[in-house]
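Secondary and tertiary structure notes
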Amino acid sequence: MNLLIPHDLPQPDAVRPLVAAGPLLRLSGTTMGTDWSVSAHAPPGVGAEDIRSALESGFARIISEMSTWEPNSLISRFNRLPIGDSVILPEDFRQVLDITLQVAAATDGALNPCLGADVSRLGFGSPAMPLADQATDRDAWRAFALAGPLLTRHAPFQLDLSAIAKGYAVDGMGDALRALGITSFLAEIGGEFTAGGAKPDGLPWWVDLESPAAAAPWRVALCNLSLATSGDYRKLRIENGQRVSHIVRHPDANRDDGDLASVSVLHASCAFADAWATGLFASGASQGLDLANRHGIAALFQFRDQPAQPSLAITSMLA
């Protein structure tokens, strides 16, 4: 087992629950086409149903706005607009799009929110998403202009925020738990995690990462941090001897610099971790590693073809 421990992990006394913590509650369910779970030490008077109700309310809001699998969601309605028409964005949608565009700019479009039709053409998108007759313009995202609360459909692409919405929903889980007075928790959706404080004994929350190679797995210490992973080790098929996945690789990604299987990112925000993990993976190993170092992103790159040395870790936040 390999351990990843952030070098600035706070001292136990600084992150112990501020109120008396009850026994550990474990909840789980399904949302956004995957599973969610929470482990939390709730204060007296807060029960499992209080937690479940608060979380599921947040899930429903995100789905109604950003799910391309729901024909009546805001994003699906936006994708059907005539060119030049606009929609009014609620705050959650606006924040997710803003995070997406920040990371798109930082990765030169490796994270590209305009590739919904391209992903569907590859067989991984929503059946309701129209298929693209040809590849979407790689720079389509650059023309986005958020004018107050309005978003205008300026080109015939299909907006897809799936690379960030799940991480944003995990952040929302953390916010909902804190609003209930819960300061010690581990929450996740489909393998994207956020941890509040430490456990009552002062230890961090430990999360194990899948290892795509025949190598020792990685265990990450989380305390007031989030963790997201992007890769093609789950959603993958082979065509003509080539791997085809749901992540459209950036045209400049070097496919000869190792058989990259996944990138995991540690960040204070799960939405940013989710966005960066996708952007770094789509950039390819060499460019992704350079981007992570340049922007101070704590990331772990795992490869299929290097079982003896399966990963490259950014050390700016890890020890």
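Structure first, text after, so check above.
On a predicted model such as this, the values are computed, not experimentally measured, just so you know.

Topic: the pattern of salt bridges
According to the stated counting rule, one finds eight salt bridges in the structure shown. Here D139 makes a salt bridge to R142, at a shortest N to O gap of 3.1 Å. Judged by relative accessible area, which is 41%, D139 ranks as partly exposed. In this structure, E192 and K166 form a salt bridge, with 3.9 Å as the shortest nitrogen-oxygen distance. Placement of the pair is E192 in strand 7 (residues 192-196) and K166 in helix 6 (residues 162-179), with a sequence separation of 26 residues. One connected set of salt bridges, linked through shared partners, spans D108, D139 and R142.

What to know about the side chain of N112
Of note, N112 is situated in the loop between helix 4 (91-106) and helix 5 (116-121). Within the structure, the side chain of N112 is placed 3.0 Å from the backbone nitrogen of C114, a separation counted as a polar contact. Not counting residues within four places of it along the chain, the set of residues in contact with N112 comprises D137, R138 and W141.

With respect to the pairing of strand 10 (residues 226-231)
The element strand 10 is largely enclosed, with a buried count of six among its six residues. The alternating pattern of strand 10 places S226, A228 and S230 on one face and L227, T229 and G231 on the opposite face, and all of these are buried. Pairing of strand 7 with strand 10, which is carried by two bridges, proceeds in the antiparallel orientation. Paired with T194 across the strands is S226, a residue of strand 10. Relative to strand 13 (residues 260-267), strand 10 is paired through six bridges, and the arrangement is antiparallel. When the sheet's bridge partners are listed, S230 is paired in strand 13 with V263.

A short note on the environment of D98
Its place among the elements puts D98 in helix 4. On the basis of relative accessibility, which here comes to 36%, the residue D98 falls in the partly exposed class. C-alpha separation for the pair D98 and L146, spaced 48 residues apart in sequence, amounts to 8.6 Å.

Some words on the packing of aromatic side chains
Under the counting rule described, the total for this entry stands at one aromatic pair. Residues W36 and F59 carry aromatic rings whose centres are separated by 5.6 Å and whose planes lie at 55 degrees to one another, so their mutual orientation is tilted. Here W36, found in strand 3 (residues 34-41), pairs with F59, found in helix 2 (residues 48-66); they are 23 residues apart in sequence, far enough to count as distant. Sitting over the face of the ring of W205, K199 holds its NZ or CZ atom 5.8 Å from the ring centroid.

Notes on the sheet that holds strand 1 (residues 2-4)
Reading across the sheet, the three strands line up as 1-9-8 and stay open at both edges, with mixed pairing between neighbours. The sheet is open, and its two borders are formed by strand 1 and strand 8 (205-209), each paired with just one other strand. Taking the axes of each pair of neighbouring strands and ignoring which way they run, one obtains an average angle of 25 degrees across the sheet.

A short note on the nonpolar core
Counting residues in hydrophobic clusters, the biggest one holds 66 residues, and the most contacted among them are L55, F93, L151, L159, V265 and L280. Formed by 15 residues, the second largest nonpolar core is a distinct cluster that contains L4, W205, L222 and L227.

Analysis parameters
- Residues numbered from 1 in each chain as written.
- Predicted model: local features only at pLDDT ≥ 70, side-chain atom pairs only at ≥ 80, totals over all residues.
- Heavy atoms only, no water.
- Salt bridge = Lys/Arg side-chain N within 4 Å of Asp/Glu carboxyl O.
- Buried < 20%, exposed > 50% of the residue type's maximum accessible area, 1.4 Å probe, protein only.
- Helix = DSSP H or I, 4+ residues; strand = E, 2+ residues; numbered from the N terminus.
- Polar contact = N/O pair within 3.5 Å; in protein donor to acceptor, adjacent residues only side chain to side chain.
- Contact = heavy atoms within 4.5 Å.
- Pairing = 2+ DSSP bridges.
- Phe/Tyr/Trp six-rings, centres within 6.5 Å; stacked < 30°, edge-to-face > 60°.
- Lys NZ or Arg CZ within 6 Å of the ring centre and 35° of its normal.
- Axes fitted to C-alpha atoms, helices over the stretch in contact; angles between N-to-C directions.
- Core = buried A, V, L, I, M, F, W, Y, C linked by side-chain atoms within 4.5 Å.

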